[in-house]
Number of protein chains: 2
Amino acid sequence: MTAMTAMTTTPLASSLLLRAQRFSLELSRACQAIAIVRQQSTQHNTASQPSAACSHSSPSKLSQKRNMSSSPRLRSLNIDNINPHVKEAKYAVRGELAIKSEEYRAQLKKAASQDPPTPPDSPLPFDKVISANIGNPQQLGQKPITFFRQVLSLLEYPPLLDNEEALRTSFGYKQDVIDRAKWLLEEVNSVGAYSQSQGVPTIRQSVAHYIERRDGYASDPAHIYLSAGASSGVNTLLNVISASPKTGVLVPIPQYPLYTATLAVLNARVVPYYLDESRGWTTDLGTIKEAYQKAKAEGIDVRAIVVINPGNPTGASLSADDVASVIKFAAEEKLVIMADEVYQTNIFLGTFTSFKKGLRDLQNSDSTGKYDNVELASLNSISKGMVGECGHRGGYFELVGFDAEVQAQIYKFISIMLCPPVVGQCLVEMMVNPPKEGDPSYELYNKEYNGIKEGLRERAYALYEAFKKMEGVELGEPQGSMYLFPTIHLPTKAIEAAEKADRKPDEFYCLRLLDRTGVCLVPGTGFGQKPGTLHFRTTFLAPGTEWVGRIVDFHREFMAEYA
Amino acid sequence: MTAMTAMTTTPLASSLLLRAQRFSLELSRACQAIAIVRQQSTQHNTASQPSAACSHSSPSKLSQKRNMSSSPRLRSLNIDNINPHVKEAKYAVRGELAIKSEEYRAQLKKAASQDPPTPPDSPLPFDKVISANIGNPQQLGQKPITFFRQVLSLLEYPPLLDNEEALRTSFGYKQDVIDRAKWLLEEVNSVGAYSQSQGVPTIRQSVAHYIERRDGYASDPAHIYLSAGASSGVNTLLNVISASPKTGVLVPIPQYPLYTATLAVLNARVVPYYLDESRGWTTDLGTIKEAYQKAKAEGIDVRAIVVINPGNPTGASLSADDVASVIKFAAEEKLVIMADEVYQTNIFLGTFTSFKKGLRDLQNSDSTGKYDNVELASLNSISKGMVGECGHRGGYFELVGFDAEVQAQIYKFISIMLCPPVVGQCLVEMMVNPPKEGDPSYELYNKEYNGIKEGLRERAYALYEAFKKMEGVELGEPQGSMYLFPTIHLPTKAIEAAEKADRKPDEFYCLRLLDRTGVCLVPGTGFGQKPGTLHFRTTFLAPGTEWVGRIVDFHREFMAEYA
């Protein structure tokens, strides 16, 4: 009734009220924006420090005032009363730069679709947007693997199997494609039906076999959970781990921001540990221990350590020794190891050592049993590797050493979202169980797989060579994953110009690059970096080298402009 | 170092320690199980009341003791130190009964695959499991719609389009199938590429057109968010709304437990309002207001109201008047309306009134502007209706009246999970934009669509007629969705037997039914029900009527046994 009465005041009063509220909102936003920018310089989930200019009217005070005022709220939800932890989350990979690049793409597409093509209102200084910001291979022209997609076509429309002859003669489907589709259909019934929440049992069995072949150690399908990409697995695990605002998780810096964003939403604490850029971005046990001890001293209940291997955004590939030292540390301190191993086949230098193998090796070499209860969650995905099927949202995680009751809670949690996409599950099956030597589809599969791998390597080195020659740019040799993460040293004038524009220097640089060349990168700020250092991340997925030239030219001009 | 020292105690001491810890754990589990069973009788997210028997050693006290003890923890995670809110969540649809039914199914399959088929170790009194517990049409033999799946086969393997002639002659693909696939491929590039986090722009455009045709009011694709099924949309919205442990959301009881489970995980408050069984499970404004006022008096900050229309598990279809009164109430109290409209085409009685149409009608009829800022989130899915593509995980929600800054936070939140499955997005497009009269695929589409609709209606009425005749069973005529939710009156002896078995009576009944007949239902407990009433939910998706006979026979025997 109170709200009803307030709604029937005179139109003029209402209009003034509305304007006052809007002004208050805008002031609050401006102060908040300043606070966020300043806050970003600390890079961690610390409480926001309102700027001096806003200290007498900080956002929280404003919102308190508003809530306490007698004026009616217009809506249930506004920026000051929604979940504050959602607000705190930062996820730059799909942030402002990515949105702007999509707008440019749409603008170019619209202009091109005119007949005759007309120049857009404000013509752009480039004719193509290069999305080097996201590891999205098929958006950049990577062809899906034929075997996978032929099988999927049959799963989507099983009546195709009624005419195998036509599939063979008109479309070149081989017998193993047909057999695999029939077998998968038997197992899933229909790709349009929900599966078990944990994933189709026989697909989990295939995953277990893959892990056994990879590591030489047994794997149990009962402890494998299929997921909608690795992201959803990370979300599940962090939800279960985050018991209170004092729960901490060791996260590498720089990191893929899924981790810091999810922990922010869950109101848990990021315990950052820096990777060692001077040694090819590897983990440094001293640094990890220091970060852990510091967090413990602050009363943080550290429960897990995240390792991304091969690294994102760094591209680093960990040695077996580095893997073993992280496991030893986790065993000593009773920490869950979350091994993000989605780039396990994207390796250029050395070999991949899985945390599962590292753990079993240690367990085998030790008679005291001190590694027996190490908890390891190892994640994999169909989005990366040579598969690159991001849009199908498939992945899995394997749990080792987890308490049975905790696993039951993990099962319940994932069951609330019913099941991962079934087509994604089928792609997981084919990724871990591709055609073998002697199978009819093997030759083509092998050619496609190696072609993609070789292409990635070539472009990684082409970028590396180009970056090495750029003034003020430093980077190590490519090791793995899909990214390079060079350091950039920018002139003082550029840093001042960035400050003036209310931007971090690397963000300023990347925005300029996008505006001038259409190439979209992610500034180091988006992943975290040591204070005083600047980086950007680029994928090496986009075909050709013309866009690399665009970056080189832009960089030269930028450095000259601010010299 | 402390942990290391502790780990090197003698093997005997370690073994004793381990046993003591296991015993403590089991005691804790037992007490917790009792507490949960007792707690379930209140049905809401209230704090658990440990049973008298355990009050001197309740789980929380035990866990405190353990954490305070000098003995080392075996692992990082145990049932007492993981996220307590995950633990509190209940999700019966995929709980114990569902798991048991899957075990029976596997047992039958194993026995049948022996050559010659051998009876299992403990032969089951049925030869087939009927999953009437989950709305999973294609698992129960519902055929996917041909047009949809033909298009998907082309999206999965675009080289099929290189031989259109063979597609037509060997497989009967029509021109509109080929055209749709080509258009979608142009829009998504590859179904293996990530799309925009909000969903492919032109697919959101198609959704907007559908909503416009359905309601006769404009819809803006900028306010449409594609999602991985409706569940993921609900999860997003509740994450943003749940600002603190005092945040409350009005949820109908009985309800689909996604809502209570998600609010439990988010540590927000369920504000239950009972649906009116005496009037076909419709919403009752008096009851809603009472629930709201009571919550407000308790200091709960109620921010949203959930309405499921047509209802799950109730099957109720709301009248336009009922829809309007909920909107009026939400406008008065400034509540977000979350309209779960995933069964919008599953209507047998009357017509469907969307909340969007209800809101626009009210806004049009009112000159004071009191409905102008009503916030509505309306959800839809490809899993239900006549589409039934659950495994593809597709859906969308439309936001109306939301603050722009809040929408920006929703965008950021969904971007952390990258994008909904792209094949699911394409299915959304085809669901909202199916073949039209005159299109080559129209006749078949129409026949399939109506065949599914008619089949659902027939089975709904067959079940209804059978249930009506059962002793102690009451239910109203089927109205919509995929479920019947009859009341069951069980004899006192059955209720006592249930108590003895530490089960709720309806759970006891459904477990018995599963063990004896292989038919899996969900007890009313899983959805919430008025204290003292008992129900079960059954889908009417399983083909044939033989299984209905199994329920009727079981019921007769059960009633006789406990008479």
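Bear in mind that the values here come from a model prediction, so they are computed numbers and not experimental data.

K.L.:
Could you clarify how one ought to interpret the overall build of chain A in this entry?
P.N.:
Summing up its helical and strand segments, chain A has 20 helices and 14 strands in all. Here chain A, with 563 residues, has 59% of them falling under the buried criterion. Residue pairs in contact within chain A that sit at least 24 positions apart in sequence constitute 73% of those at least 6 positions apart. Accessible area of chain A: about 22100 Å², with a carbon and sulfur share of 54%.

K.L.:
Is there a simple way to think about the UniProt feature "domain: Aminotransferase class I/classII large" (unreviewed entry) in chain A in this case?
P.N.:
UniProt records the feature "domain: Aminotransferase class I/classII large" (unreviewed entry) for residues 185–545 of chain A in the present numbering. Strand forms 16% of residues 185–545 of chain A and helix 42%; the C-alpha atoms that close the span are 42 Å apart.

K.L.:
Just checking my understanding: could you explain the packing of helix α7 (residues 164–171) of chain A against helix α8 (residues 175–188) of chain A for this structure?
P.N.:
Axes are the key here: two packed helices are described by the angle between their axes and the distance separating the axes. Residue and element names in this part refer to chain A. Their axes nearest at 10 Å, the elements α7 and α8 cross at an angle of 140°. Considering the angle they form, α7 stands oblique to α8. As α7 packs across α8, the resulting crossing turns out to be right-handed. Packed against α7, whose contacting residues are E164, L167 and R168, the element α8 presents Q175, I178 and K182 at the interface. Of the residues belonging to the contact of α7 with α8, the class tally is two nonpolar, one polar and three charged.

K.L.:
How should the environment of F508(B) be read in this particular structure?
P.N.:
Residue and element names in this part refer to chain B. In this structure, F508 sits in helix α19 (residues 505–517). Through-space distance from the C-alpha of F508 to that of T282 is 28 Å; in sequence the pair is 226 residues apart. If sequence neighbours within four positions are ignored, F508 has contacts with A494, A497, A498, A501, R503, F558 and Y562.

K.L.:
What should I look at first to understand the pattern of salt bridges in this one?
P.N.:
Any two side chains of opposite charge can pair if their charged atoms end up close together. Enumeration according to the criterion identifies 48 salt bridges over all chains in this entry. Among the salt bridges present, the one from E156(B) reaches R149(A), with a minimum N-O distance of 3.7 Å. Taken together, the residues span two chains, with E156(B) in helix α6 (residues 146–156) and R149(A) in helix α6 (residues 146–156). Here E156(B) matches R149(A) in class, with each residue buried. Several salt bridges share partner residues, and in doing so they unite E164(A), E165(A), R168(A) and K182(A) into one network.

K.L.:
Can you walk me through the pairing of strand β8 (residues 395–400) of chain B in this structure?
P.N.:
A regular strand places its side chains on the two faces of the sheet in alternate fashion. All names here are of chain B. In terms of residue burial, β8 counts as a mostly covered element, since six of its six residues are buried. Burial along β8 is two-sided: the residues G395, F397 and L399 and Y396, E398 and V400 are all buried. With four bridges joining them, strand β2 (residues 224–227) and β8 adopt antiparallel strand pairing. When the bridges of β8 are listed, Y225 appears paired with F397. In terms of strand pairing, strand β7 (residues 376–381) meets β8 through six bridges, oriented antiparallel. Opposite S378, over in β8, you have E398 as the bridge partner.

K.L.:
Would you mind going over the packing of aromatic side chains with me for this structure?
P.N.:
Aromatic rings in a pair are described by how distant their centres are and how their planes are angled relative to each other. All told, the structure shown has 43 aromatic pairs over all chains when counted by the stated rule. Between Y509(A) and F554(A), the aromatic rings sit 5.3 Å apart at their centres with planes inclined by 70°, giving edge-to-face as the arrangement. Taken as a pair, Y509(A) in helix α19 (residues 505–517) and F554(A) in helix α20 (residues 546–561) lie far apart in primary sequence, 45 residues in all. By relative accessible area, which is 0% here, Y509(A) ends up buried. Taking relative accessible area as the criterion, F554(A) reaches 3% and is therefore assigned buried. Centre to centre, the rings of Y509(B) and F558(B) are 5.1 Å apart; their planes meet at 80°, and the pair counts as edge-to-face. With Y509(B) in helix α19 and F558(B) in helix α20 (residues 546–561), this pair connects stretches of sequence that are 49 residues apart. Assessed through its relative accessible area of 0%, F558(B) is described here as buried. Its guanidinium or amino end placed over the ring of Y483(A), R537(A) lies 4.0 Å from that ring's centre, counting from NZ or CZ.

K.L.:
Mind showing me how you'd approach the relation of the copies chain A and chain B here?
P.N.:
To go from the first copy of the chain to the second, apply a rotation about an axis and then a shift along the same axis. Placing chain A over chain B gives an RMSD of 0.0 Å and needs a rotation angle of 180°, together with 0.0 Å of translation along the axis. Here the transformation between the copies is reduced to the relation of a two-fold axis. Closest approach to the rotation axis within chain A is made by the C-alpha atom of S153(A), at a distance of 2.0 Å. A share of 100% of interface residues in chain A that are also interface residues in chain B marks the association as one of identical surfaces.

K.L.:
Which parts of the structure should I look at to understand the sheet that holds β7(B)?
P.N.:
Within a sheet, neighbouring strands are paired by backbone hydrogen bonds and run either parallel or antiparallel to one another. All names here are of chain B. Spatially, the seven strands line up as an open sheet ordered β2-β8-β7-β6-β5-β3-β4, and their pairing is mixed. At either end of the open sheet lies a strand with only one pairing partner, and these are β2 and β4 (269–274). Across the sheet, the mean angle from the axis of one strand to that of its neighbour is 20°, orientation sign disregarded. The sheet contact formed by strand β3 (residues 247–253) and β4 spans six bridges and is parallel. Looking at β4, one finds that I253 is bridged to Y274.

K.L.:
Just to check I follow, could you spell out the confidence of the model for chain A for this structure?
P.N.:
In low-pLDDT segments, the atomic positions of the prediction should not be examined closely. Residues and elements named next belong to chain A. Scored by pLDDT, chain A has a mean of 88; 86% of the residues are at 70 or more. Below a pLDDT of 50 lies the segment residues 1–69, which in the model reaches 58 contacts outside its immediate sequence neighbourhood of four places, other chains included. Overall fold confidence for the complex sits at a pTM of 0.88, while the interface term, ipTM, reaches 0.88.

K.L.:
Just to check I follow, could you spell out the state of the cysteines for this structure?
P.N.:
A disulfide bridge is the covalent bond that connects two cysteines by way of their sulfur atoms. A full pass over the atoms with the stated rule returns zero disulfides over all chains. Between C390(A), a free cysteine, and C419(B), which holds the nearest cysteine sulfur, the sulfur-to-sulfur gap is 8.0 Å. Here C390(A) falls in the buried class, since its relative accessible area comes to 0%. The thiol of C426(A) is not disulfide-bonded; the next cysteine sulfur, from C419(A), is found 11 Å away.

K.L.:
Just to check I follow, could you spell out the pairing of strand β6 (residues 336–340) of chain A for this structure?
P.N.:
Residues and elements named next belong to chain A. The element β6 is extensively covered by neighbouring structure, given that five of its five residues are classed as buried. Of the two faces of β6, the one carrying V336, M338 and D340 and the one carrying I337 and A339 are both buried. Where strand β5 (residues 301–308) meets β6, five bridges bridge the pair, whose relative direction is parallel. Considered in β6, the bridge of V307 is made with A339. Taken together, β5, helix α13 (residues 320–333) and β6 constitute a β-α-β crossover, and its handedness is right-handed. In the classification by handedness, the crossover that spans β6, the intervening helix α14 (residues 355–365) and the parallel strand β7 (residues 376–381) is right-handed.

Calculation notes
- Residues numbered from 1 in each chain as written.
- Chains lettered and ligands numbered in written order.
- Predicted model: local features only at pLDDT ≥ 70, side-chain atom pairs only at ≥ 80, totals over all residues.
- Heavy atoms only, no water.
- Helix = DSSP H or I, 4+ residues; strand = E, 2+ residues; numbered from the N terminus.
- Buried < 20%, exposed > 50% of the residue type's maximum accessible area, 1.4 Å probe, protein only.
- Contact = heavy atoms within 4.5 Å.
- Areas by Shrake-Rupley, 256 points an atom, 1.4 Å probe, with all protein chains shown as cover.
- UniProt positions renumbered as here; feature names shortened; annotations may be inferred.
- Axes fitted to C-alpha atoms, helices over the stretch in contact; angles between N-to-C directions.
- Parallel < 35°, antiparallel > 145°, perpendicular 65-115°, else oblique.
- Left-handed = near helix turned anticlockwise from the far one by under 90°.
- Nonpolar A, V, L, I, M, F, W, Y, C, P; charged D, E, K, R; others polar.
- Salt bridge = Lys/Arg side-chain N within 4 Å of Asp/Glu carboxyl O.
- Pairing = 2+ DSSP bridges.
- Phe/Tyr/Trp six-rings, centres within 6.5 Å; stacked < 30°, edge-to-face > 60°.
- Lys NZ or Arg CZ within 6 Å of the ring centre and 35° of its normal.
- Least-squares fit on C-alpha atoms with pLDDT ≥ 70 in both.
- pLDDT = per-residue confidence, 0-100.
- Disulfide = S-S within 2.5 Å.
- Right-handed = clockwise from strand over helix to strand, strands pointing away.

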